[in-house]
Amino acid sequence: PLDALFWSNIQTWEFTEPGWGGYVSDGVYELPPNGSNVKIPENKYIVVDVKLPKLKYLQIEGVLEFDNNLDNTLEADIIFINGGQLIIGWENNPIEKEINIILTGEESSTNFYLPNGYETIGGKAIGVYGGLDLHGKPRYV
């Protein structure tokens, strides 16, 4: 969309709340560093146009789309799609580059509570309560 934001632009992270990657202090922002927790808020559409840092926790309430022209790795302990959407390629325009999703958490290390406060998805997980679109070029085994 025309209002898409780009991961590589520091101004993209001006929506970030304290405690989330991208926030430094009042009025000071940066690109999320290695080991940070990142939240993509509702009504934000962010395109990954640079190599991603290693993340601890990724929460997607808006949209996170991978650029189709860049090999990349999404490495995190937990990925939680909470009403948002993770897009890696489109059905009519599959991703042509290599995208790796690596879950680094330990099964017992993190018990991430869902919004209801009772259930968890545990560590080393992708919780999808929204959209997960993965479309790659055909592979012939």
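Predicted model, so just to flag it, every value in this text is computed and none were measured. (Residues numbered from 1 in each chain as written. Predicted model: local features only at pLDDT ≥ 70, side-chain atom pairs only at ≥ 80, totals over all residues. Heavy atoms only, no water.)

## Section: the layout of surface pockets
One simple way to see leftover space: roll a probe sized like a water molecule over the atoms.
Then step 1. For the largest pocket, the calculated volume is near 160 Å³.
Then step 2. Contributing to the lining of the largest pocket are Ile95, Glu96, Lys97, Glu98, Ile99, Gly136, Lys137 and Arg139.
Then step 3. When grouped by side-chain class, the residues that make up the lining of the largest pocket number two nonpolar, one polar and five charged. (1 Å grid on protein atoms, 1.4 Å probe; cavity = no way out; pocket = protein on both sides within 12 Å on 5 of 7 lines; lining within 4 Å. Points joined across faces, edges and corners; volume = space filled by probe spheres on them. Nonpolar A, V, L, I, M, F, W, Y, C, P; charged D, E, K, R; others polar.)

## A few points about empty space enclosed by the protein
Then step 1. Tallying each qualifying case throughout the model produces one cavity of 30 Å³ or more.
Then step 2. What the largest cavity holds in volume is close to 50 Å³.
Then step 3. Counted by class, the lining of the largest cavity contains four nonpolar, two polar and two charged residues.

## Digging into the pattern of salt bridges
Then step 1. Counted under the stated rule, the structure contains two salt bridges.
Then step 2. Residues Glu17 and Lys39 are paired through a salt bridge, measuring 3.6 Å at the closest nitrogen-oxygen approach. Taken together, the positions of Glu17 in the loop between strand S1 (5–6) and strand S2 (23–25) and Lys39 in strand S4 (residues 36–40) put the pair 22 residues apart, joining distant regions of the chain.
Then step 3. Since its relative accessible area comes to 17%, Lys39 is described here as buried. (Salt bridge = Lys/Arg side-chain N within 4 Å of Asp/Glu carboxyl O. Helix = DSSP H or I, 4+ residues; strand = E, 2+ residues; numbered from the N terminus. Buried < 20%, exposed > 50% of the residue type's maximum accessible area, 1.4 Å probe, protein only.)

## Comments concerning the packing of aromatic side chains
Then step 1. All chains considered together, the criterion is met by five aromatic pairs.
Then step 2. Aromatic side chains Trp7 and Trp13 sit 4.8 Å apart centroid to centroid with 75 degrees between the ring planes, which places their arrangement in the edge-to-face category.
Then step 3. You can call Trp7 buried: its relative accessible area is 2%.
Then step 4. Judged by relative accessible area, Trp13 falls into the buried class, the value being 0%.
Then step 5. Between Phe80 and Tyr129 the ring centres are 5.9 Å apart and the planes differ by 65 degrees, which places this aromatic pair in the edge-to-face class. Taken together, the residues span a long stretch of sequence, with Phe80 in strand S9 (residues 78–88) and Tyr129 in strand S11 (residues 125–134) at a distance of 49 residues.
Then step 6. Given the relative accessible area of 2%, Phe80 is considered buried.
Then step 7. The partly exposed category is assigned to Tyr129, whose relative accessible area is 48%.
Then step 8. In this structure an aromatic cluster arises from ring pairing among Trp7, Trp13 and Phe15. (Phe/Tyr/Trp six-rings, centres within 6.5 Å; stacked < 30°, edge-to-face > 60°.)

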